[in-house]
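# Descriptive structure summary
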Amino acid sequence: QVQLVESGGGLVQPGGSLTLSCAASVSTFSFSLYTMKWYRQAPGKQRELVASIVTGGTTNYADSVKGRFTISRDNAKNTVYLQMNVLKPEDTAVYYCNAYRWSWRAHDYWGQGTQVTVSS
């Protein structure tokens, strides 16, 4: 069982920046095996994938955040980050961290979410 704890959310003005963190309660070796993802869900909308980073470090982003958001991981700290720049009101959502790997079965874990509000 993996527990994920997100932090770093809050209220920010349009054009501002925030960095989200997600710490995993798992061994350092095990953490490195997981693909880590950030999702978000705005009120009345479906949850959407924002960014992902695989074990080798390759990253992918939703078109809506390309060039503004950066996902990174520190395997030594069992932590994944989401640096968010040039934030827009439409980025307002609850952001969720996800850890996934396949080993005989799917190992799929979610954090509790952290609220990001972009408003003046």
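Structure report, in brief. As the structure is a prediction and not an experimental result, all values here were calculated from the model.

## A short note on the overall build of the chain
Of regular secondary structure, the chain possesses one helix and 11 strands. Sequence-ordered secondary structure for the chain, helices as α and strands as β, is β-β-β-α-β-β-β-β-β-β-β-β. Over its C-alpha trace the chain gives a radius of gyration of 14 Å, about what one expects of a compact globule, namely 14 Å for 120 residues. Summarising its shape, the C-alpha atoms of the chain cover approximately 45 × 25 × 25 Å along the three principal directions. Taking all 120 residues of the chain together, the buried fraction comes to 42%. Across the chain, every contact between residues at least 6 apart in sequence was considered, and the portion connecting residues at least 24 apart equals 54%. For the chain, the accessible surface area stands at approximately 6,300 Å², while carbon and sulfur atoms represent 51% of it. Of the charged side chains in the chain, 11 are positive and 7 negative, and the gap between their average positions amounts to 4 Å.

## A short note on the state of the cysteines
The tally for this structure, following the rule as stated, stands at one disulfide. A disulfide bridge connects Cys22 with Cys97, and the sulfur atoms are separated by 2.1 Å. The chirality of the disulfide connecting Cys22 with Cys97 is left-handed, given an S-S dihedral of about -80 degrees. Remark: Cys97 occurs in strand 9 (residues 93-103) and Cys22 occurs in strand 3 (residues 18-24); sequence separation between them is 75 residues. On the basis of relative accessibility, which here comes to 0%, the residue Cys22 falls in the buried class. Looking at Cys97, the relative accessible area reads 0%, which means it is buried.

## Let's talk about the pairing of strand 4 (residues 35-41)
Side-chain direction in a regular strand flips from residue to residue, so the side chains alternate between the two faces of the sheet. Counted residue by residue, strand 4 has five buried out of seven residues, so it is predominantly covered. Pairing analysis gives seven bridges linking strand 4 to strand 9, with the strands arranged antiparallel. Bridge pairing in strand 9 links Gln41 to Val94. Of the pairings in the sheet, the one linking strand 4 to strand 5 (residues 48-53) comprises five bridges and is antiparallel in character. From the neighbouring strand, Lys37 faces strand 5, where its bridge partner is Ser52. Hairpin connection of strand 4 to strand 5: six residues between the antiparallel strands, including Gly44 at a positive phi of 75 degrees.

## A closer look at the pattern of salt bridges
According to the stated counting rule, one finds four salt bridges in the structure shown. Across the pair Arg40 and Glu48 runs a salt bridge whose closest N-O atoms are separated by 2.6 Å. The class of Arg40 is buried, set by a relative accessible area of 6%. Between Asp91 and Arg68 there is a salt bridge whose closest N-O contact spans 2.8 Å. Here Asp91 is found in the loop between strand 8 (79-84) and strand 9, whereas its partner Arg68 is found in the loop between strand 6 (59-61) and strand 7 (69-74), with 23 residues between them in sequence. With a relative accessible area of 0%, Asp91 lands in the buried category. For Arg68, a relative accessible area of 9% puts it in the buried group. Each member of the salt-bridge network shares a partner with another, and the members are Arg40, Glu48, Arg68 and Asp91.

What counts and how
- Think of each chain on its own: its residues are numbered from 1, step by step along the sequence as written.
- Where local features are concerned, this predicted model is filtered to residues with pLDDT of at least 70; where side-chain atom pairs are given and counted, the filter is 80 or more; whole-chain, interface and lining totals use all residues.
- To get the side-chain values, all heavy atoms of the structure are used, and hydrogens and water are removed first.
- Numbered from the N terminus, helices here are DSSP runs of H or I no shorter than four residues, and strands are runs of E no shorter than two.
- Every radius of gyration here is taken over C-alpha atoms, with the globule rule written as 2.2 Å times N^0.38, N being the number of residues.
- Buried means the residue's accessible area, taken with a 1.4 Å probe over protein chains only, is under 20% of the maximum for its type, while exposed means over 50%, and partly exposed covers the values in between.
- In this analysis, two residues are considered to be in contact whenever any of their non-hydrogen atoms come within 4.5 Å of each other.
- Under the convention used here, a 1.4 Å probe and the Shrake-Rupley method define accessible areas, while residue burial counts only the protein chains that appear.
- In this charge count, Lys and Arg are treated as positive and Asp and Glu as negative; neither His nor the chain ends contribute.
- Where a charge lies is defined by one atom per residue type, namely NZ (Lys), CZ (Arg), CG (Asp) and CD (Glu).
- Put simply, a disulfide is two cysteine sulfurs that come within 2.5 Å.
- For two strands to be treated as a pair, DSSP must find at least two bridges joining them.
- A side-chain nitrogen of Lys or Arg and a carboxyl oxygen of Asp or Glu constitute a salt bridge if their distance falls within 4 Å.

The values are spatial; any link to function lies outside them.
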